[in-house]
Amino acid sequence: MISFDTASADNTATATPQGWALVIDDHPLFCDALELTLKSVTGFTQIKTADCLENALATLEDVAAPALVILDLNLPDVNGLDGLIRLKRHAEKTPVIIVSSMTDNSIISGAIVAGAAGFVPKHSPRAVFKDAIEQIERGEIYKPAGYVESSGPSERDETVTRLSSLTNQQARILELICEGKLNKQIAYDLTIAETTVKAHVTAIMRKLGVQSRTQAVLVAQDARFASALPNPE
C-alpha cells in the first residue's frame, strides 16, 4: 500500500507520498508523460525511470524499495508477464501499476494474478491515474472500466500463480533451463553445487505441477503471453 503523510496548513490537509516512485517504460515520451502525471496527481518529488527491466532491477539494488512502480508490459528485455513476476520478487511489498495499450481481459486478469495492484490503459487521462492510485492507497485493486470479471481463474491464471511462487533463485534456474542448459552448466553459471541445482529443479517442478524439465519450459512460455504482445519496434 502507498503510504502518505498528511500535513495541515491553514486547516487544509494535503497528502504527500512517502518514499520514491519508479517508472519503467522504454518509450521516452511515454516515460516523461508518466513521470509528469505522477508528480501531478500524487505529489511524488523523487521519481526514477528505467527503459528496461534489467535497468529497473539495477535501480532497486541497495536502496529502500519504492513506494510505487509504474510498469509497461512490453519491454525489450521481457516477454509478457515475466517482467512483472520478476519485479515483484525484488519489491514484493511495493504496489505495481501496469500501464499498457493492451486491455484484453486475459492480460488484465493475468497481471492481477501475477501481483499487479492495478491496470491502467496507457492512454488514460490523469484523472484515471489519480483514481487508480487513490484506490490502491485504500488497499484495493484498480481495474479499468470495461474489464469483465471472470467466473473463476483460468488455466493460464493458475499457471501464473505457480510461477509467482518461485523464489528468485528458482526463477533464475528456470530461465536457464528455458535456455537449454543442463544442471552442470547451471551450477557453473550460478556458482553453486550441482546437487543444489537438482534440489531446486525438483522444487520448481513440484511448484509448477509438472513431471519434467520440458513441461516446466512449456509452463514458463505459456505464462509470458508472447502471442498477445506486439513485436518490439
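Above this text you will find the structure in question.
In this report, the structure presented in the accompanying data block is examined. (Residues numbered from 1 in each chain as written. Predicted model: local features only at pLDDT ≥ 70, side-chain atom pairs only at ≥ 80, totals over all residues. Heavy atoms only, no water.)

## Quick word on empty space enclosed by the protein
Then comes step 1: Applying the stated criterion across every chain yields a total of two cavities of 30 Å³ or more.
Then comes step 2: Counted as a void, the second largest cavity has a volume near 40 Å³.
Then comes step 3: Lining the second largest cavity, in full, are Leu-34, Thr-37, Leu-38, Val-41, Ile-70, Phe-129 and Ile-133.
Then comes step 4: Of all the secondary-structure elements, those providing two or more residues to the lining of the second largest cavity are helix H1 (28–42) and helix H5 (126–137).
Then comes step 5: Considering each element in turn, the lining of the second largest cavity owes the most residues, four residues, to H1.
Then comes step 6: Of the residues contributing to the lining of the second largest cavity, the split by class is six nonpolar, one polar and no charged. (1 Å grid on protein atoms, 1.4 Å probe; cavity = no way out; pocket = protein on both sides within 12 Å on 5 of 7 lines; lining within 4 Å. Points joined across faces, edges and corners; volume = space filled by probe spheres on them. Helix = DSSP H or I, 4+ residues; strand = E, 2+ residues; numbered from the N terminus. Nonpolar A, V, L, I, M, F, W, Y, C, P; charged D, E, K, R; others polar.)

## Quick word on the sheet that holds strand S5 (residues 68–71)
Across a sheet, strands are paired by hydrogen bonds formed along the backbone, either parallel or antiparallel in direction.
Then comes step 1: If you walk across this open sheet you meet the five strands as S4-S3-S5-S6-S7, and the pairing is parallel. Bordering the open sheet on either side are strand S4 (47–50) and strand S7 (118–121), each of which pairs with just one other strand. Averaged over all pairs of adjacent strands, the angle between their axes in this sheet comes to 20°, without regard to strand direction.
Then comes step 2: Bridge count for strand S3 (residues 21–24) against S4 is four bridges, and the pairing is parallel. Pairing of Leu-22 across the sheet is with Lys-48, part of S4. (Pairing = 2+ DSSP bridges. Axes fitted to C-alpha atoms, helices over the stretch in contact; angles between N-to-C directions.)

## Some points on the packing of helix H7 (residues 168–178) against helix H8 (residues 183–190)
Then comes step 1: Their axes nearest at 10 Å, the elements H7 and H8 cross at an angle of 130°. Classified by the interaxial angle, the pair formed by H7 and H8 is oblique. Remark: the crossing between H7 and H8 carries right-handed chirality. In contact with Gln-169, Arg-172, Ile-173, Leu-176 and Ile-177 of H7, H8 contributes Ile-186, Asp-189 and Leu-190. (Parallel < 35°, antiparallel > 145°, perpendicular 65-115°, else oblique. Left-handed = near helix turned anticlockwise from the far one by under 90°. Contact = heavy atoms within 4.5 Å.)

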